[in-house]
Amino acid sequence: MITRDFFLFLAKNDFMKDKARKWGPKFGAKSVIAGETIEEAMQTAKELNEKGLKVTVDHLGEFVYNKEEAMDAADYCIRTLEGMEESGVDCNLSLKLTQLGLDIDKELCISNMRAILDTAKKYNNFVRIDMEDYSHIEATFEVLEELRKTHDNVGPAIQAYLFRSEQDVEALKGMNIRLMKGAYNESPEVAFKDQKEIDNNYINIIKRHMRNGSYAAVATHDHKIIAEVKKFAEENGISKDQFEFQMLYGFRSELQEEIAAEGFKMRVYVPFGNDWYGYFMRRLAERPQNITFAVRGVLTN
Ligand code: FDA
């Protein structure tokens, strides 16, 4: 039996990550990754926009330990924002701080982020900081606090599986936050392990954030959570402008379009680039049914 832990273990395998960069998307990853270049990502964003869907693109990459690589990643983020402006898509940017040097030097990461946020500001755009594993949480919030002194076009992501998430949502009141269940393998000392407890906490923090009058990006493929959020908004007179739903590219596409057709904001997270391996392994870990992507991919590659 292939387990969630096995795929999360594979997701961190540096040898495989390195090989995968050279191969390009394999094992069915193509159906959940929008190509390798900015042009391909913009083309996908355009097609999604035509279906009434908003987009956030993520140039895949994480856990960079080399200064030059971190600066190149920042430069690529800037070019991606320019690509969005040139192609006129309804799209913002998602990124990971470890890609921008968080593990090398916090000041380098902040300076890379400021350059990215300046470009986003120039184009009236927004940047979402994805949340990574628990060992990076404190540093991520420290960087965010620094950035918020000079920029308001940036927002974090909060993982409902963490015990601390309710406190974090309260501390970040007023901010545009993405809320999701959480994708990494965390210790029972810091995270709920039981699915029901995670779901309860997820609903709890979403409602808390919305009740506070803050903007919520509810990132889930779980139709039960989505139904509950819609009901909560309606019962409490919360406008459709105060929240959005988000899903990953290639997952539940029909549901994405249905939600948009109902007049809700629906944003699709579109990853692209050659560093696809860790992202794809985490998706396989989340849902055993996703393995059909991999099997189909092996057969068609
Ligand atoms: P979950 O996997 O818990 O599924 C719940 C139920 O929904 C299933 O039992 C099934 O009924 C239904 N369902 C789910 N997927 C389905 C499918 N494909 N087809 C049919 N039914 C399905 N994580 C993180 O740690 N940091 C981050 O920054 C982000 N960012 C992020 C952005 C966006 C836009 C999304 C959608 C997700 C993330 N995540 C993330 C990942 C997130 O934390 C979480 O691991 C996954 O979204 C899986 O949890 P779900 O809430 O989607 O449903």
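From a predicted model like this one, the values you see are computed outputs, not experimental measurements.

1. Re the overall build of the protein chain
- Along the backbone of the protein chain there are twelve helices and nine strands.
- Over its C-alpha trace the protein chain gives a radius of gyration of 18 Å, about what one expects of a compact globule, namely 19 Å for 301 residues.
- In terms of its C-alpha atoms, the protein chain occupies a principal-axis envelope of roughly 50 × 45 × 45 Å.
- For the protein chain, the residues scored as buried account for 41% of the 301 residues in total.

2. A closer look at the site of the ligand
- Residues in close proximity to the ligand total 21 residues, the closest being Asp130, Ala183, Ala219, Thr220 and His221.
- Elements with a contribution of two residues or more to the shell around the ligand: strand 5 (157–159) and strand 8 (243–248).
- For the shell around the ligand, the element with the most residues is strand 8, which contributes three residues.
- Its residues assigned to classes, the shell around the ligand comprises ten nonpolar, five polar and six charged.

3. Digging into the UniProt feature "binding site: substrate" (unreviewed entry) in the protein chain
- Sites flagged by UniProt as "binding site: substrate" (unreviewed entry) map to Lys96, Arg282 and Arg283.
- Secondary-structure assignment places Arg282 in helix 11 (residues 277–286).
- Residue classification places Arg282 among the partly exposed residues on the basis of 19 C-beta atoms within 10 Å.
- In contact with Arg282, not counting residues within four places along its chain, are Leu8, Ala11 and Ala183.
- Residue position: Arg283 is located in helix 11.
- The buried category is assigned to Arg283, around which 23 C-beta atoms lie within 10 Å.

4. A closer look at the confidence of the model for the protein chain
- The predicted model of the protein chain has a mean per-residue pLDDT of 91, with 92% of residues at 70 or higher.
- A low-confidence stretch, residues 297–301 (pLDDT under 50), is modelled with six contacts involving residues beyond four sequence positions or located in other chains.
- Reported for the predicted complex are a pTM of 0.92 and an ipTM of 0.99.

5. Some words on the nonpolar core
- With 82 residues, the main nonpolar core has Ala45, Val55, Leu100, Leu179, Val218 and Val270 as its most contacted residues.
- Each residue touching Ala45, except ones within four places of it in the same chain, is listed here: Val55, Val57, Val89, Cys91 and Val270.

6. Points about the sheet that holds strand 9 (residues 266–272)
- Read across the sheet, nine strands follow the order 4-3-2-1-9-8-7-6-5 without closing on themselves; strand pairing throughout is parallel. Only two strands of the sheet have a single neighbouring strand rather than two, namely strand 4 (154–155) and strand 5.
- Pairing of strand 5 with strand 6 (residues 177–180), which is carried by three bridges, proceeds in the parallel orientation. What sits directly across from Gln159, in strand 6, is Met180.

7. Observations regarding the packing of helix 5 (residues 106–122) against helix 6 (residues 137–148)
- Closest axis-to-axis distance for the helix 5/helix 6 pair is 10 Å, and the angle between their directions is 50°. Classed by the angle they form, the pair helix 5 and helix 6 counts as oblique. In this structure, helix 5 crosses over helix 6, and the sense of that crossing is right-handed. Contacts between helix 5 and helix 6 involve Lys106, Cys109, Ile110, Met113, Arg114 and Leu117 from the former and Ala139, Glu142, Val143, Glu146 and Leu147 from the latter.
- In terms of residue class, the contact of helix 5 with helix 6 is made up of seven nonpolar, no polar and four charged.

8. Looking at the pairing of strand 2 (residues 91–95)
- Of all the five residues making up strand 2, five are buried; the element is thus mostly covered by neighbouring parts of the structure.
- In strand 2, alternate side chains face the same way, and those of Cys91, Leu93 and Leu95 on one face and Asn92 and Ser94 on the other are all buried.
- In this structure, strand 1 (residues 54–59) lies alongside strand 2, joined through four bridges in parallel fashion. By the bridge assignment for strand 2, Thr56 is matched with Asn92.
- For the segment spanning strand 1, helix 4 (residues 67–87) and strand 2, crossover handedness is right-handed.
- For strand 2 and strand 3 (residues 127–129), the ladder comprises three bridges, and the chain directions are parallel.

The rules we used
- Residues numbered from 1 in each chain as written.
- Predicted model: local features only at pLDDT ≥ 70, side-chain atom pairs only at ≥ 80, totals over all residues.
- Helix = DSSP H or I, 4+ residues; strand = E, 2+ residues; numbered from the N terminus.
- Rg over C-alpha atoms; globule rule 2.2 N^0.38 Å.
- Buried ≥ 20, exposed ≤ 12 C-beta atoms within 10 Å, placed from the backbone.
- Near = placed C-beta within 6 Å.
- Nonpolar A, V, L, I, M, F, W, Y, C, P; charged D, E, K, R; others polar.
- UniProt positions renumbered as here; feature names shortened; annotations may be inferred.
- Contact = placed C-beta atoms within 7 Å.
- pLDDT = per-residue confidence, 0-100.
- Core = buried A, V, L, I, M, F, W, Y, C linked by C-beta atoms within 7 Å.
- Pairing = 2+ DSSP bridges.
- Axes fitted to C-alpha atoms, helices over the stretch in contact; angles between N-to-C directions.
- Parallel < 35°, antiparallel > 145°, perpendicular 65-115°, else oblique.
- Left-handed = near helix turned anticlockwise from the far one by under 90°.
- Right-handed = clockwise from strand over helix to strand, strands pointing away.

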